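The primary structure of each chain is shown beneath.
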Amino acid sequence: EKGTYPHYMLKEIDEQPLVTRKIIQAYQNDNNELTIDADIIQSVNDTDRIYIIACGTSYHAGLVGKQFIENMAGIPVEVHVASEFSYNMPLLSEKPLFIFISQSGETADSRSVLVQVKELGHRSLTITNVQGSTLSREADYTLLLHAGPEIAVASTKAYTAQLAVLAIFANVTAASKGKELGFDLVQELGIVATSMEALCDSKEGFEDIAREYLATTRNCFFIGRSLDYYVGLEGALKLKEISYIQAEGFAGGELKHGTIALIEEGTPVVALATQESVNLSIRGNVKEVAARGANPCIISMKGLEEEDDRFVLPEVNEMLTPLISVIPLQLISYYAALHRDCDVDKPRNLAKSVTVE
Ligand code: M6R
């Protein structure tokens, strides 16, 4: 039930700190070490390449998950949109492992890939919020999100839960290979949960941003580099689906290869600048669009902030920034939809789980 909340989406955004803590607990053993099923570890250690298959928001989580797995565990990962994979199946490695990411566990596009790869005899793992869902039943292994039911069509807490579970999966795999990561993921995710709380307590700031940048605009762009780019894709999807504003996420470096032609006087451009490694370059991109009349809204991170930044996120481990940088984008989309009188929880033309191909 949504209790005192006006919308499920807002309630589910607010649940993210709690869900993150629940996930840490759910994946800890009696010695407080992160752990996953031994069978899964064995399959991962036996694979030469992971293929992540998903749709929509879950696909965006997969893009971030690829970075987690490659950086922590050192296993090559490809991420594919399920609907395209069926007819453009890439040449597979010798010992592939398929990971299906699906909040509902019922998405038909993803299921059709699962059926295909099972026929080929490949192993599969489903990361889902729904125990006993079709994808969970039909895959060899399951990792649960522990996010509680997600009712709003726009996925919020499932996305951050997917990221947390993918980080744990990557971390446990890395440990099983004897890799030293130099940080304690339990502690880092704890810091993430606390930072999420701070963001959920800063809603007014995001309502102001939505009013100022998005109340009447026709379009909006999200730019970022590296992980920030993937979060920008998710921010754009969120804004599109609930506020009907035409929104696109772009890699900062791609702007000059075409997209910058779309920038007009006053075009809102939300720029994420949360990673030190790409900070200078994304700041350069903001200057490029501002020089062409854009109205930039920079969301940065403590330690990297500059005078013109619109919001400064609390500092978390650089690899885990997507878990918190997405929250301002979720909230900005929510308030933009409210300002534009849209049906936040049940946007037009969309269903919560897409069970047709
Ligand atoms: O249940 P799934 O995670 O498989 O759903 C995939 C997409 O349909 C879903 O993430 C969709 O993009 C959301 N409505 C986005 O908010």
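Computed from a prediction, not measured in an experiment: that's the story for all the values here.

Thoughts on helix 9 (residues 185–200)
Every α-helix winds through 3.6 residues per turn, so residues three or four apart in the chain are directed the same way.
No. 1: With 16 residues, helix 9 ought to run about 22 Å at 1.5 Å a step, and its terminal C-alpha atoms sit 22 Å apart, in line with that.
No. 2: Looking at the packing, one finds that the buried side of helix 9 touches helix 1 (8–14), helix 2 (16–26), helix 8 (157–176), helix 10 (203–214), strand 10 (311–313) and helix 13 (321–339).
No. 3: The opening residue of helix 9 is aspartate 184, an N-cap whose side-chain oxygen sits 3.1 Å from the backbone nitrogen of valine 186.

Description of the sheet that holds strand 4 (residues 123–128)
No. 1: If you trace the five strands from one edge of the open sheet to the other, you get 2-1-3-4-5, paired in parallel fashion. Edge strands, defined here as strands with exactly one partner in the open sheet, are strand 2 (77–81) and strand 5 (141–144). Direction aside, the axes of adjacent strands within the sheet are offset by 20 degrees on average.
No. 2: Relative to strand 2, strand 1 (residues 49–54) runs parallel, the two sharing five bridges. Considered in strand 2, the bridge of alanine 54 is made with valine 81.
No. 3: Against the sheet, helix 3 (residues 38–45) engages strand 1, strand 3 (96–102), strand 4 and strand 5, with an angle of about 115 degrees to strand 5.
No. 4: Of the strands in this sheet, strand 1, strand 3 and strand 4 are in contact with helix 6 (residues 108–119), which crosses strand 3 at around 160 degrees.

Digging into the site of the ligand
No. 1: Residues in close proximity to the ligand total 15 residues, the closest being Ser58, Ser102, Ser104, Thr107 and Glu241.
No. 2: The separation between an oxygen atom of the ligand and a polar side-chain atom of serine 102 is 2.6 Å.
No. 3: Between a nitrogen atom of the ligand and a main-chain N or O atom of valine 153, the distance comes to 3.0 Å.
No. 4: A total of 410 Å² of accessible area belongs to the ligand in isolation, and the protein chains cover 90% of it.
No. 5: Going through the elements one at a time, helix 4 (56–73) and helix 11 (227–243) are the ones with two or more residues in the shell around the ligand.
No. 6: Residues of the shell around the ligand, tallied by class, amount to five nonpolar, eight polar and two charged.

Digging into unusual backbone geometry
No. 1: Here histidine 146, not a glycine, exhibits a phi torsion of approximately 55 degrees, which is positive.
No. 2: Relative to the helices and strands, histidine 146 is located in the loop between strand 5 and helix 8.
No. 3: The class for histidine 146 is partly exposed, based on a relative accessible area of 31%.
No. 4: A positive phi angle is found at aspartate 341, which is not glycine, with a value near 60 degrees.
No. 5: Along the chain, aspartate 341 falls in the segment after helix 13.

A look at the packing of aromatic side chains
No. 1: For the structure shown, the criterion picks out seven aromatic pairs.
No. 2: Both rings, one in phenylalanine 206 and one in phenylalanine 311, keep their centres 4.6 Å apart while their planes meet at 45 degrees; by these two values the pair is tilted. With phenylalanine 206 in helix 10 and phenylalanine 311 in strand 10, the pair connects residues that are 105 residues apart, well separated along the chain.
No. 3: The class of phenylalanine 206 is buried, set by a relative accessible area of 0%.
No. 4: Between tyrosine 334 and tyrosine 335, the ring centres sit 5.1 Å apart and the planes meet at 75 degrees, which makes this aromatic pair edge-to-face. Grouping residues by exposure puts tyrosine 334 and tyrosine 335 together as buried.
No. 5: An aromatic cluster is defined as three or more aromatic residues linked by ring pairs; in this entry it consists of Tyr51, Phe85, Phe98 and Phe100.
No. 6: The cationic tip of arginine 348 hangs over the ring face of tyrosine 244; the distance from NZ or CZ to the ring centre is 3.8 Å.

Focus on the pairing of strand 1
No. 1: The element strand 1 is extensively covered by neighbouring structure, given that five of its six residues are classed as buried.
No. 2: As a crossover connection, the stretch from strand 1 through helix 4 into strand 2 is right-handed.

With respect to the side chain of serine 136
No. 1: Following the sequence through the fold, serine 136 ends up in helix 7 (residues 134–138).
No. 2: Those residues in contact with serine 136 that sit more than four places away from it in its chain are Thr126, Thr128, Val130 and Thr142.

Details of the state of the cysteines
No. 1: On inspection of all chains with the given rule, the structure shows zero disulfides.
No. 2: The thiol sulfur of cysteine 200 is not disulfide-bonded, and the nearest other cysteine sulfur, from cysteine 297, lies at 17 Å.
No. 3: With no disulfide partner, cysteine 297 has as its closest neighbouring cysteine sulfur the one in cysteine 220, 8.4 Å distant.
No. 4: Classification of cysteine 297 by relative accessible area gives buried; the value is 0%.

Criteria and cut-off values
Residues numbered from 1 in each chain as written. Predicted model: local features only at pLDDT ≥ 70, side-chain atom pairs only at ≥ 80, totals over all residues. Heavy atoms only, no water. Helix = DSSP H or I, 4+ residues; strand = E, 2+ residues; numbered from the N terminus. Expected span 1.5 Å × (residues − 1). Contact = heavy atoms within 4.5 Å. Polar contact = N/O pair within 3.5 Å; in protein donor to acceptor, adjacent residues only side chain to side chain. Pairing = 2+ DSSP bridges. Axes fitted to C-alpha atoms, helices over the stretch in contact; angles between N-to-C directions. Near = heavy atom within 4 Å. Areas by Shrake-Rupley, 256 points an atom, 1.4 Å probe, with all protein chains shown as cover. Nonpolar A, V, L, I, M, F, W, Y, C, P; charged D, E, K, R; others polar. Buried < 20%, exposed > 50% of the residue type's maximum accessible area, 1.4 Å probe, protein only. Phe/Tyr/Trp six-rings, centres within 6.5 Å; stacked < 30°, edge-to-face > 60°. Lys NZ or Arg CZ within 6 Å of the ring centre and 35° of its normal. Right-handed = clockwise from strand over helix to strand, strands pointing away. Disulfide = S-S within 2.5 Å.

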